[in-house]
Amino acid sequence: MIVNVLRFSFKDGTTEEQKAEVLAAMRRTASVESTSFGVVGRDVGDPADGYTHAFLAGVEDLAALERYMYDPVHLNGDYEILPRFADDPDPELGAKIGAIAAGKIAKYPDWGRLLAAIPDVKVMS
């Protein structure tokens, strides 16, 4: 199972009607044939993170992921959805997470070796 999680907020000035249109487009995208499940709703994480909503879609495997990515509903929805997203509230978050992981690897080299043994693992940077 591959799970696509997207936390987001709307650009300033986005009307309630435009927000409703974006959320409807996301619900359509989350329910295409290739998804096993999908949901769109309010993000209940830490408000300091800057996100107000979340999107989650699960696909069974890589073949389903490819169908999902190229599904006309998904493609058309992107042109309605993406222009309404606010900028990332912390564009350096990946680097910050990577630094924490590097610190843990330095402190616990055995953990680092376990992590390194997993194929295709990438610590954010």
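The residue count restarts for each chain, going from 1 along the sequence in the order it is written. Since the coordinates come from a predicted model, pLDDT governs what is reported: local features require at least 70, and pairs of side-chain atoms require 80 or more to be given and counted, while whole-chain, interface and lining totals use all residues. Side-chain numbers come from the whole structure's heavy atoms, not from hydrogens or water.

Caption draft 1: A look at the overall build of the protein. Numbering of helices and strands runs from the N terminus, with a helix taken as a DSSP run of H or I at least four residues long and a strand as a DSSP run of E at least two residues long. The helix and strand tally for the protein stands at 5 helices and 3 strands. When the helices and strands of the protein are placed in sequence order, the string is β-α-β-β-α-α-α-α. Within these notes, the globule rule equals 2.2 Å times the number of residues to the 0.38 power, and the radius of gyration is based on C-alpha atoms. At 17 Å, the protein has a C-alpha radius of gyration far larger than the 14 Å of a compact globule built from 125 residues. With the principal axes as the frame, the protein shows a C-alpha extent of 50 × 35 × 20 Å. Burial classes: relative accessible area under 20% of the type maximum marks a residue as buried, over 50% as exposed, and values in between as partly exposed (1.4 Å probe, protein chains only). Across the 125 residues of the protein, 26% fall into the buried class. Residue pairs in contact within the protein that sit at least 24 positions apart in sequence constitute 65% of those at least 6 positions apart. Accessible surface is estimated by sampling points in the Shrake-Rupley manner with a 1.4 Å probe; for residues, cover comes only from the protein chains shown. Accessible area for the protein stands at about 8500 Å²; split by element, carbon and sulfur atoms hold 59% of it. Contact definition: two residues touch when any of their heavy atoms are within 4.5 Å.

Caption draft 2: Structural detail: the pattern of salt bridges. Criterion for a salt bridge: a side-chain nitrogen of Lys or Arg within 4 Å of a carboxyl oxygen of Asp or Glu. The final tally for this structure, using the stated rule, is 6 salt bridges. Two residues, Arg 28 and Glu 80, come together in a salt bridge whose shortest N-O distance is 3.6 Å. Residue Arg 28 is located in helix H1 (residues 16–30), and its partner Glu 80 is located in helix H3 (residues 72–81); the two are separated by 52 residues in the primary sequence. Residue class for Glu 80 comes out partly exposed when judged on its relative accessible area of 31%. Of the charged contacts in the structure, one is a salt bridge between Arg 67 and Glu 33, with a shortest N-O distance of 3.4 Å. Pair noted here: Arg 67 is in helix H2 (residues 62–70) and Glu 33 is in the loop between H1 and strand S2 (35–42), with a separation of 34 residues, a long-range link.

Caption draft 3: Summary view of H3. Every buried residue belonging to H3 is among His 74, Gly 77 and Ile 81, and all of these are buried. Looking straight down H3, one finds its buried side chains confined to an arc of 65°; they lie on one side. Opposite the packed face of H3, turned more than 90 degrees from it, sit the exposed residues Pro 72, Asn 76 and Tyr 79. Check the buried side of H3 and you find it contacts H1 and H2. By arc we mean the arc of the directions from the helix axis to the C-beta atoms, nothing more.

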